[in-house]
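Overview (structure and organization)
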Amino acid sequence: MPSATPAPSPASPPPLDVRPVLPVVLENAVVRLEPLEERHRAPLLALGEDERVWGIVQLPAGGLPAYLDIAYALSAPNVHVPFVVVRRSDEAVIGMSRMFDIRPEHGALEIGYTWYVPEAHGTLVNPAAKRLMLGYAFDLGFERVQLKTDLRNKQSQAAMTKLGATREGVLRHQLRLPDGRWRDSVFFSILAEEWPSVRERLDARLAAGAR
């Protein structure tokens, strides 16, 4: 009996046209995002002395100095790109955010590790910063930008929804916190095909000064 002819192997898809995520300066009328440098350490440490900055967020053992040490150590183009948020109106350092879990082969990355001084909460700072980072990611050719937060963090979930991100669901016990407890994480995302309409609404919100 003749042997069966093996099915042809499926052709590999062409590689995605995704350019590297680099530590560049991003700027609009509200904020400037500067790549994390050693000169930022002192102002960031000063900000972190206010416990209201962290809310339910747990810092690693060693506190904010250790948190920053980890950020500096991980920082690398197209791998882990931390930004310092500077408020344009007074040139004050007011927080941080990062682009990480960068997977060019899948056209995906995550935006997170975001925190601001309390007076920036509920202002245009976060939507302005996210507008810059989202625009940068999609301009580079990424297909998906992910965001996630602690299930307990209702304020962060509301901000992600207001940005126009789609709530995907909850991963239970997704992270183990420094105190040993488990964190349930809520995942959101924006896809490249959704970005034009999300961008339009976000730009209109910023132009109107709507927080």
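Before going into details, it helps to say that this report is about the structure given with it. Everything numeric here is computed off the predicted structure, so don't read it as measured data.

Okay, the pattern of salt bridges next. This model, assessed by the stated rule, comprises 16 salt bridges. In this structure, the salt-bridge partner of D69 is R41, at a minimum N-O distance of 2.9 Å. In this pair, D69 sits in helix α2 (residues 63-74) while R41 sits in helix α1 (residues 41-47), placing the two residues 28 residues apart along the sequence. Taking the relative accessible area as the measure of exposure, D69 reaches 41% and is therefore partly exposed. Here R87 and D90 are joined by a salt bridge, their closest N and O atoms 2.9 Å apart. Residues participating in the shared-partner salt-bridge network are E27, R32, E34, E37, R39, R88 and E91.

Our next topic: the pairing of strand β4 (residues 92-103). Summarising burial for β4: nine of the twelve residues are buried, a large majority. Where strand β3 (residues 81-87) meets β4, seven bridges bridge the pair, whose relative direction is antiparallel. Within β4, the residue paired with P82 across the bridge is R98. The hairpin turn running from β4 into strand β5 (residues 108-116), its antiparallel successor, is four residues long, and G107 in that turn takes a positive phi close to 65°.

Another aspect to go through is helix α4 (residues 154-163). All of the buried residues along α4 are S156, Q157, M160 and L163. All buried residues of α4 fall inside an arc of 120° around its axis, so they share one side. In α4, the exposed positions that point more than 90 degrees away from the buried face belong to K154, Q155 and K162. At the exit of α4 stands G164, carrying a positive phi of roughly 110°.

Phi angles above zero are rare outside glycine, and N78 is one such case at about 65°. One can find N78 in the loop between α2 and β3. Even without being a glycine, E91 presents a positive backbone phi close to 60°. Note on placement: E91 falls in the loop between β3 and β4. Its relative accessible area of 44% is what places E91 among the partly exposed residues.

Turning our attention to helix α3 (residues 125-139). The first and last C-alpha atoms of α3 sit 21 Å apart over 15 residues, in line with the 21 Å expected at 1.5 Å per residue. When you tally the buried positions in α3, you get 13 out of 15 residues, the bulk of the element.

All right, on to the environment of V25 then. Residue placement: V25 occurs in the segment before β1 (26-27). The class of V25 is exposed, set by a relative accessible area of 51%. Each C-alpha atom of the pair V25 and F187 lies 27 Å from the other, and the pair is 162 residues apart in sequence. Beyond its immediate stretch of four places on either side in the chain, V25 contacts R32, L33 and P35.

This paragraph deals with the sheet that holds β1. With mixed pairing, eight strands are arranged side by side in an open sheet as β1-β2-β3-β4-β5-β6-β8-β7. Only two strands of the sheet have a single neighbouring strand rather than two, namely β1 and β7 (166-176). Two elements, strand β2 (residues 31-35) and β3, share five bridges in a ladder whose sense is antiparallel. Among the inter-strand pairings, V31 is bridged to a residue of β3, identified as R87.

Below, the discussion takes up the pairing of β3. With seven of seven residues buried, β3 is to be regarded as a mostly interior element. Connecting β3 to the next strand, β4, in antiparallel fashion are four residues, including E91 with a positive phi near 60°.

About the cut-offs
- Residues numbered from 1 in each chain as written.
- Predicted model: local features only at pLDDT ≥ 70, side-chain atom pairs only at ≥ 80, totals over all residues.
- Heavy atoms only, no water.
- Salt bridge = Lys/Arg side-chain N within 4 Å of Asp/Glu carboxyl O.
- Helix = DSSP H or I, 4+ residues; strand = E, 2+ residues; numbered from the N terminus.
- Buried < 20%, exposed > 50% of the residue type's maximum accessible area, 1.4 Å probe, protein only.
- Pairing = 2+ DSSP bridges.
- Arc of directions from axis to C-beta.
- Expected span 1.5 Å × (residues − 1).
- Contact = heavy atoms within 4.5 Å.

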